[in-house]
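# Remarks on the overall topology
Next come the chains, spelled out residue by residue.
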Amino acid sequence: MKTKITVLFLFIFTFSSCNNEMEDTKLNNFFDSEFKSMLIEYPESGTYMGRHDNNDKLTDMSLSAIQKRHNNTINSLEEIKSIKRSLLSESSKINYDLYMHKLRQSIRGFEYMAYLMPIDQLGGIQISAANLVGVTPFNNLEDYNNYLSRLEALPRRIRETMMLMSKGIDEDIVPPKVVLKSVPEQIKTQFTSNVEDSPFYDPFTNPPESISSEVTQKAKEAKLIISGKIMPAFIELHSFFIN
């Protein structure tokens, strides 16, 4: 009799453990998918994390892209709900709860349209674009080609910032003036210096010796992009603020 009870207990324990492992695997696969999507949707985050697959891109901040990401968040919430929390291991339950909270907070926060206030004196494209250069790798020609692609994309990103702020003005969703006080001067620093002194040109001043000749040619391309596209875009952004 004791033997039968022991066997039954072992069967129940093994069955329960298998269910836990299956549900944990589902959750881990879900997290993996979410992480990969984040790297695609927010390429700059990948750069900061040392994941360089999308170093040639910048986040799309058009209204349609923002709405699409919001819809994806709603879909993610429904997907994680399909995972049976009761079958998860204790550690996975914590991860489940934390991510569920994050998704719900994001969905609730979307209605306040904070994305229509993309700039203040502590952050925004006038600060983040130059800061990104400092964490970008420049070890080979592919790194430099990726960087040139990002430079080409920066004026679009600046225009999207102005579009969001214009929409914010229309919706009466604007930051207090006090948090914008330093912004015009911050923007101004991005177009009043010589191209060679711009933070966007800095990667071309001391390239790896093994590719220095090739980088010299790419430096010419960078100068044209910075002087002909990026600086004018920042000038337009500055005018938007002061007018």
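Keep in mind that what you see is a predicted model, and the values were worked out from it rather than measured.

Glancing now at the pattern of salt bridges. Within this structure, the stated rule accounts for 11 salt bridges. Among the ionic pairs, Lys-26 bridges to Glu-23, the shortest N-O distance being 3.7 Å. Remark: Glu-23 and Lys-26 occur in helix H1 (residues 2-41); sequence separation between them is 3 residues, near one turn of the helix. For Lys-26, a relative accessible area of 42% translates into the label partly exposed. Put simply, Lys-93 and Glu-90 hold a salt bridge, and the shortest N to O gap is 3.3 Å. Of this pair, Lys-93 and Glu-90 both sit in helix H4 (residues 90-110), 3 residues apart, which is roughly one turn of the helix. Exposure remark for Lys-93: the relative accessible area of 15% places this residue in the buried category.

For any pair of aromatic rings, the description rests on two quantities: the centre-to-centre distance and the angle between the ring planes. Taken as a whole, this structure holds 11 aromatic pairs when the rule is applied. On the basis of an interplanar angle of 85 degrees and a centroid distance of 5.0 Å, the ring pair of Phe-138 and Tyr-147 is categorised as edge-to-face. The buried category is assigned to Phe-138, whose relative accessible area is 15%. In this structure Tyr-147 comes out as buried when scored by relative accessible area, which is 4%. Ring geometry for Phe-240 versus Phe-241: centroids 6.4 Å apart, planes at 75 degrees, classification edge-to-face. Residue Phe-240 is classed as partly exposed on the basis of its relative accessible area, which comes to 27%. Of the aromatic side chains, those joined through ring pairs into one cluster are Phe-138, Tyr-144, Tyr-147, Tyr-201 and Phe-204.

Rules behind the numbers
- Residues numbered from 1 in each chain as written.
- Predicted model: local features only at pLDDT ≥ 70, side-chain atom pairs only at ≥ 80, totals over all residues.
- Heavy atoms only, no water.
- Salt bridge = Lys/Arg side-chain N within 4 Å of Asp/Glu carboxyl O.
- Helix = DSSP H or I, 4+ residues; strand = E, 2+ residues; numbered from the N terminus.
- Buried < 20%, exposed > 50% of the residue type's maximum accessible area, 1.4 Å probe, protein only.
- Phe/Tyr/Trp six-rings, centres within 6.5 Å; stacked < 30°, edge-to-face > 60°.

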